[in-house]
Amino acid sequence: MHLVKTVRGRLLLAALLVEAVMLALLIGNSVRLLYDSLSDQAKRHAEQMSPILNAALMAPLAQRDYATVRAILDESRGKNGILYLAVSDSRGVTVARSGWPAGQPLPEPDASFTLDDKDEGGSRYDVDTPITLYGQKLGSLRFGLDLSHIVAARESLISQGVLIALGEIMLSAGLLTFLGLYLTRQLSELTRASEAVARGQLASRLVAEGDDEIGRLGRAFNAMSRAIRDRLDALHASEQRLNLALDGGELGLWDTDFRTGKITINPRCAAMLGETHGQFHPDVKDWEARVHPEDRHHMRYAAVEHLKGHTAMFESEFRIRHHDGHWVWLLSRGKVVERNSQSRAVRLIGTLLDINERKSTEARLRLLASVFRYAQEGIMITDADGRILEVNRAYHDITGYSRAAVVGQPSDLLHEEGGADEAIRQTMRHALHSHGHWSGEIVNRRANGELFHEHLSLTSVHDAGGQIVNYIGIFTDISQIKAQQEKLERLARYDMLTGLPNRTLLADRLSTAIALTRRTGERTGVALIDLDGFKTINDTYGHETGDLVLKEVAQRLTRHIRDTDTAARLGGDEFVLVLTGLRPGDEAQVLDKILAVLAEPYPLEAFGSVAHLSASIGLTLYPDDTADADALLRHADQAMYSAKQQGRNRWHAFDPDIDRHVRARFESRDRVSEALQNRELVLYYQPKVDLALGKVTGMEALLRWQHPERGLVTPGEFLPLIEGSEFEVELSRWVIRNVVEQLHCWNQQGLTFHISANVPGQHLQSPDFVQQLENLFKLYPDVPRERLELEILETVALGDMEGVSRQMDDCRTLGVRFALDDFGTGYASLEYLRRLPVDVIKIDQTFVRDMLDDVNDLAIVEGIIALSRAFRRQVVAEGVESQAHYLRLQELGCAVGQGYTIARPMPAAQVPTWLANWQPQTLNTQPAPSGVAELNT
């Protein structure tokens, strides 16, 4: 092995190898010539044997004389070097063979002549030839020729050639050894000098003698040593400049050696990964494992493509795990600087750049771009001169203009010139100049010329110097909203049936008329009209006919007032006239004419008849009545009721002096609210008695105001003040809560009857009503829920029968009972009894009080009692004010009664004492005091 490491040894070995190759070529060529000659002989022999055997076999094969075929084969085997023979018929079935075992498959024929055949070391040539007769194939013949004599001749020639070559090589080795010792003496000195340079001794020099190749090599070696020293100095200076450049560019440097798998990094690169330089020595596998799994494949692919030479440079962006555990975005660029003799990369050097901030910026830009593209609002960006730079897809969807059509165009492309819109645009420009922002509604034009409403927000964008560089406009098509608003305004301000102004528009018109009156000094009249007998038309002919009559009334009113006046419908059969510019006495002429017009017959063509109506009108005049618009309507309503009480088909004027005297009796709504906070409101309880047994079945909770100055005030004086307000609901909650608390207290005392309480429709229909009840019962779990009975008026269900029914059903699911209060005074109908899930019907005291003297009231009471039986409802009579009432109701079959003759409403503390003393024979036989109806409210 030492000989091979020296130059003389390699020269000797090379010379011997060259000589050996030449001898091998010479021997090989001789063997090939002999092989070719013998092969030609064997092939000719096979070609000669084929027709001979074919001629001998075709006759017996055609006659299917297989015994003769077999005999010919046996006779031919062993002659002329034939080792075996086999004959198959036209179907390929072997019919005879000789020299080959019967159970073993025949060898495949050789496609060409070769001594490298797999059978018997290449000593047989397998031939397959067809057997034909007059051009028709009868079968095929397969036989094998013995080539062992050719193989033996080849091996003999090779052996002789090898012996000759070995002798010649040994002779040449001696001569070459002597020559090598002479030629390589000076090379040893060059080797020693080179080893010194390799150890860093760049000052080492070689004494070069002569002008031959060795001398020139020595001088070249000395020059190379000096060049290496100069290059190393330059490399050191270049490395310093590189480090300065890397530091300036905030770049990390890495160097990968694929021979060792190690990666060398500089301090900045280590810092990017949170590692300590000098203690962190990654290899290729560690580095790849540290890369984010989603980025690993891309980085590996980019590296492999560059290592294969498919790309000029390796470049990849990827996330890598920081020492603290979070991910860091890096940009890596590198290039192969060294490849081996097989062109495989062995060294790759590159840089790392921290791109976390750039990636965050790109993510924000992508987000902004997606918002810009997919926003449902149209977005337009212009330059400082208002020329469009970019628009989004919604801009095209809303305006019909494509991006190509508007980019570069002035931003007022859509503007609708002139009119109020131009003034808005002036305001817009001023706001942008002063505040940098404007938003509002404007009218613009689509590409097809159609005008549309849009809500636009404009913002100016400034550069670092404060100069405007862009404007951003964001707009929404609000055309449908505008159309809907107009429709809603129409619905909100006009009555759908008659087309007259409704209560909302009436309030505006009335406020305007009041303001005009203050300026002109003239008078304005407010007339409230209620149709007399209209309910009869509805009940007789149906609501559709009633609606036609209301439309006719509206048309008559409109035809007989001035253009400056207003006719409005409040609802039902109530109408209002606002009469402006009245002189003294004008109101009488106008209202007399209205009464006459409304009293004219109403043709009912569908029934072939006519209907007759009259009207009751209440009038108040401003400024004689100095009230506000709402109060004027209330005063006109009061005057209308006075007209009805005076006999109907007439008008009555409101007297402000009388009204001021009445209003002095009432407290304001705020005062009522204060009364609740000051605990001035209390509950009184009036017993309900089974009229047949005399047993107390329950109590009704009645609200009273213990006024510090006026004493006990009945609800009729203060409840109208809070009707329809939020406080009405708050007060109702207070009442129900106190009733349940009282049930709890009486339950503790062994008193087991129910308490009923009135609940206004606004409270009943509130979404959280049922939940409030349930929460209240949870506070008092000992209270049987069926002992709470809620009383409602018929009018509660006027607006939403189904909704009220559902709410009542939910309450009944909790166990709460319902009573229909004041039945017969409002809109009583069988529909209410059928659809409202009430348990009790209460007969209003106005019918009970006069039933002993008025046969009509008696008939109503009897009818209600009969209805309660038919609908299986309990019936309670209010206003039992005498023993005669008590006994008469017993006769009529009324189950329960309450009233002054049984007991006055009393505080809760007095109830146990009254119960202890109660006996049916202790009925109060004194006549009820004036106003008892109000006290029983």
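Everything numeric in this text was worked out from a predicted model, so none of it was measured.

Thresholds, definitions, all that
Residues numbered from 1 in each chain as written. Predicted model: local features only at pLDDT ≥ 70, side-chain atom pairs only at ≥ 80, totals over all residues. Heavy atoms only, no water. Helix = DSSP H or I, 4+ residues; strand = E, 2+ residues; numbered from the N terminus. Buried < 20%, exposed > 50% of the residue type's maximum accessible area, 1.4 Å probe, protein only. Contact = heavy atoms within 4.5 Å. Areas by Shrake-Rupley, 256 points an atom, 1.4 Å probe, with all protein chains shown as cover. Expected span 1.5 Å × (residues − 1). Phe/Tyr/Trp six-rings, centres within 6.5 Å; stacked < 30°, edge-to-face > 60°. Axes fitted to C-alpha atoms, helices over the stretch in contact; angles between N-to-C directions. Parallel < 35°, antiparallel > 145°, perpendicular 65-115°, else oblique. Left-handed = near helix turned anticlockwise from the far one by under 90°. Nonpolar A, V, L, I, M, F, W, Y, C, P; charged D, E, K, R; others polar. Arc of directions from axis to C-beta. Pairing = 2+ DSSP bridges. Polar contact = N/O pair within 3.5 Å; in protein donor to acceptor, adjacent residues only side chain to side chain. Patch = residues over 30% accessible without salt bridge, like charges linked within 9 Å, V, L, I, M, F, W, Y side chains within 5 Å. Salt bridge = Lys/Arg side-chain N within 4 Å of Asp/Glu carboxyl O. pLDDT = per-residue confidence, 0-100.

Enquirer: Would you mind going over the overall build of the protein chain with me for this structure?
Expert: Of the regular secondary structure elements, the protein chain holds 32 helices and 31 strands. Burial analysis of the protein chain (937 residues in total) assigns 41% to the buried set. For the protein chain, restricting intrachain contacts to residue pairs at least 6 apart in sequence, the fraction spanning at least 24 positions comes to 58%. Carbon and sulfur atoms provide 53% of the accessible area of the protein chain, an area that totals close to 51,400 Å².

Enquirer: Honestly, the environment of Gln136 in this entry has me stumped. Any pointers?
Expert: Counting through the fold element by element, Gln136 comes out in strand β4 (residues 136–146). Sequence separation between Gln136 and Ser90 is 46 residues; the distance between their C-alpha atoms is 9.7 Å.

Enquirer: Please explain unusual backbone geometry as it appears in this structure.
Expert: Excluding glycine, residues mostly have negative phi values, and the peptide bonds linking residues are mostly trans. Look at the link from Tyr622 to Pro623: it is a cis peptide, with omega at 15°. By the secondary structure assignment, Pro623 is in the loop between β20 (614–622) and α19 (629–645). For Asn649, which is not glycine, the phi torsion reads 50° and is therefore positive. Counting through the fold element by element, Asn649 comes out in the loop between α19 and β21 (650–653). For Asn649, a relative accessible area of 40% puts it in the partly exposed group. At Arg872, a residue that is not glycine, the phi angle is positive and equals roughly 55°. By the secondary structure assignment, Arg872 is in the loop between α29 (855–870) and β29 (874–877).

Enquirer: Teacher, can you tell me more about helix α17 (residues 543–559) here?
Expert: Note that an α-helix has 3.6 residues per turn; residues three or four places apart therefore point the same way. With 17 residues, α17 extends 24 Å between its outermost C-alpha atoms, agreeing within 8% with the 24 Å of an ideal straight helix rising 1.5 Å per residue. Buried within α17 are the following residues: Thr545, Gly546, Val549, Leu550, Val553, Ala554, Arg556 and Leu557.

Enquirer: Honestly, the packing of aromatic side chains in this entry has me stumped. Any pointers?
Expert: Two aromatic rings, taken as a pair, are described by how far apart their centres are and by the angle between their planes. Summed over all chains, the structure comprises 8 aromatic pairs. Measuring from centroid to centroid gives 6.4 Å for Trp254 and Phe314, while their planes differ by 75°, and the two rings are edge-to-face. With a gap of 60 residues between them, Trp254 in strand β5 (residues 251–257) and Phe314 in strand β7 (residues 314–321) connect regions that are remote in the sequence. With a relative accessible area of 6%, Trp254 lands in the buried category. On the basis of relative accessible area, Phe314 is assigned to the buried category, the value being 5%. Arranged with centres 5.6 Å apart and planes meeting at 80°, the rings of Tyr395 and Phe475 form a pair that is edge-to-face. Here Phe475 lies in strand β14 (residues 468–477) and Tyr395 lies in helix α11 (residues 393–399), a separation of 80 residues in the sequence. By the burial criterion, Tyr395 is buried, and Phe475 matches it.

Enquirer: Any chance you could explain the packing of α29 against helix α30 (residues 883–892) here in plain terms?
Expert: When two helices pack together, their arrangement is given by the angle between their axes and by how far apart the axes lie. One can describe the packing of α29 onto α30 by two numbers: an axis separation of 11 Å at closest approach and a directional angle of 45°. By the angle between their directions, the pair α29 and α30 is classed as oblique. Along this stretch, α29 crosses α30, giving a crossing that reads as right-handed. Between α29 and α30, the residues in contact are Leu858, Val861, Glu862, Ile865 and Arg869 and Arg888, Leu889 and Leu892, respectively. Looking at the contact of α29 with α30 residue by residue, the classes come out as 5 nonpolar, no polar and 3 charged.

Enquirer: Even after reading the chapter, I still don't get the packing of helix α21 (residues 669–677) against helix α23 (residues 726–748), so can you show me in this structure?
Expert: Two elements in contact, α21 and α23, have axes whose closest approach is 11 Å; the angle formed by their N-to-C orientations is 25°. Taken as axis vectors, α21 and α23 run roughly parallel relative to one another. α21 and α23 meet at a crossing whose hand is left-handed. When α21 is examined against α23, the residues Val672, Ser673 and Leu676 are found in contact with a partner set consisting of Phe727, Glu730, Leu731 and Trp734.

Enquirer: Please clarify how helix α9 (residues 293–307) should be interpreted in this entry.
Expert: Over its 15 residues, α9 extends 21 Å from the first C-alpha to the last, a length consistent with the 21 Å expected when each residue adds 1.5 Å. The complete set of buried residues in α9 reads Asp295, Met299, Ala302, Ala303, Glu305 and His306. Burial along α9 is one-sided: seen end-on, the buried residues are contained in an arc of 160°. Exposed residues pointing more than 90 degrees away from the buried face of α9 are listed as Pro293, His297 and Tyr301. Taken together, the buried residues of α9 touch α8 (284–290), β7, β8 (327–339) and β9 (345–354). Gly309 sits one or two positions beyond α9 and adopts a positive phi of about 85°.

Enquirer: Honestly, the pairing of strand β2 (residues 94–98) in this entry has me stumped. Any pointers?
Expert: A regular strand places its side chains on the two faces of the sheet in alternate fashion. In this sheet, β2 lies alongside strand β1 (residues 82–89) in antiparallel orientation, the contact comprising 4 bridges. Bridging from a neighbouring strand, Ala86 pairs with Arg97 of β2.

Enquirer: What should I look at first to understand the pairing of strand β27 (residues 817–823) in this one?
Expert: For β27, a buried count of 5 out of 7 residues is recorded, marking the element as mostly surrounded by other parts of the structure. Across 5 bridges, strand β26 (residues 788–793) lies against β27 in parallel orientation. Along β27, the bridge assignment pairs Glu791 with Ala819. Two strands pair when backbone bridges link them, and β27 and strand β28 (residues 840–843) are joined in this way by 3 bridges, in the parallel orientation. Paired with Phe823 across the two strands is Ile843, which belongs to β28.

Enquirer: Explanation requested: the side chain of Thr620 in the structure shown.
Expert: Mapping Thr620 onto the fold places it in strand β20. A polar contact is formed between the side chain of Thr620 and the side chain of Asp625, at a distance of 2.8 Å. The residues contacting Thr620, other than those within four sequence positions of it, are Thr524, Gly525, Val526, Asp625, Leu632, His635, Ala636 and Phe654.

Enquirer: I keep staring at the sheet that holds β1 and nothing clicks. Help me out?
Expert: Sheet strands pair by backbone hydrogen bonding; their relative direction is either parallel or antiparallel. The antiparallel open sheet is built from 4 strands, whose spatial order is β2-β1-β4-β3. Pairing within the sheet leaves two strands with one partner each, and these edge strands are β2 and β3 (124–133). Taking the axes of each pair of neighbouring strands and ignoring which way they run, one obtains an average angle of 15° across the sheet. Looking at chain direction, β3 and β4 are connected through 10 bridges and run antiparallel. Looking at β4, one finds that Val127 is bridged to Phe143. Of the strands in this sheet, β1, β2 and β4 are in contact with helix α3 (residues 66–76), which crosses β2 at around 25°.

Enquirer: Would you mind going over the sheet that holds β9 with me for this structure?
Expert: Here we have 5 strands laid out as an open sheet, ordered β6-β5-β9-β8-β7, and antiparallel in their pairing. A single partner strand is all that each edge strand has here, and the edge strands are β6 (262–265) and β7. Averaged over all pairs of adjacent strands, the angle between their axes in this sheet comes to 30°, without regard to strand direction. The sheet contact formed by β7 and β8 spans 8 bridges and is antiparallel. Along β8, the bridge assignment pairs Ser316 with Ser332.

Enquirer: Just to check I follow, could you spell out the side chain of Ser616 for this structure?
Expert: Mapped onto the secondary structure, Ser616 falls in strand β20. In terms of polar contacts, Ser616 uses its side chain to reach the side chain of Asp532, at 2.9 Å.

Enquirer: How should I be thinking about a nonpolar patch on the surface in this particular structure?
Expert: The grouping of Val18, Val21, Met22 and Leu25 at the surface amounts to a nonpolar patch, some 400 Å² of accessible area in total. By secondary structure assignment, the location of Val21 is in helix α2 (residues 7–62). For Val21, a relative accessible area of 45% puts it in the partly exposed group.

Enquirer: Quick question: what am I supposed to make of the confidence of the model for the protein chain here?
Expert: Across the protein chain, pLDDT averages 83, with 87% of residues at or above 70. Taken element by element, the protein chain is modelled with least confidence in helix α32 (residues 932–935), mean pLDDT 38, and with most confidence in strand β22 (residues 681–690), mean pLDDT 95.

Enquirer: Would you explain the environment of Thr498 in this entry?
Expert: Within the secondary structure layout, Thr498 lies in the loop between α14 (479–493) and α15 (503–520). As for Thr498 and Arg569, which are separated by 71 residues in sequence, their C-alpha atoms are 7.9 Å apart. Beyond its immediate chain neighbours, meaning those up to four positions away, Thr498 contacts Leu550, Lys551, Ala554 and Arg569. A polar contact of 2.7 Å, which involves the side chain of Thr498, links it to the side chain of Asp495. A polar atom in the side chain of Thr498 sits 3.3 Å from the backbone nitrogen of Leu500.

Enquirer: Just checking my understanding: could you explain the environment of Ile472 for this structure?
Expert: One can find Ile472 in strand β14. For Ile472, a relative accessible area of 31% puts it in the partly exposed group. Distance from Ile472 to Ser460, taken between C-alpha atoms, is 6.4 Å for residues 12 residues apart in sequence. In contact with Ile472, not counting residues within four places along its chain, are Met380, Ile381, Ser457, Leu458, Thr459 and Val461.

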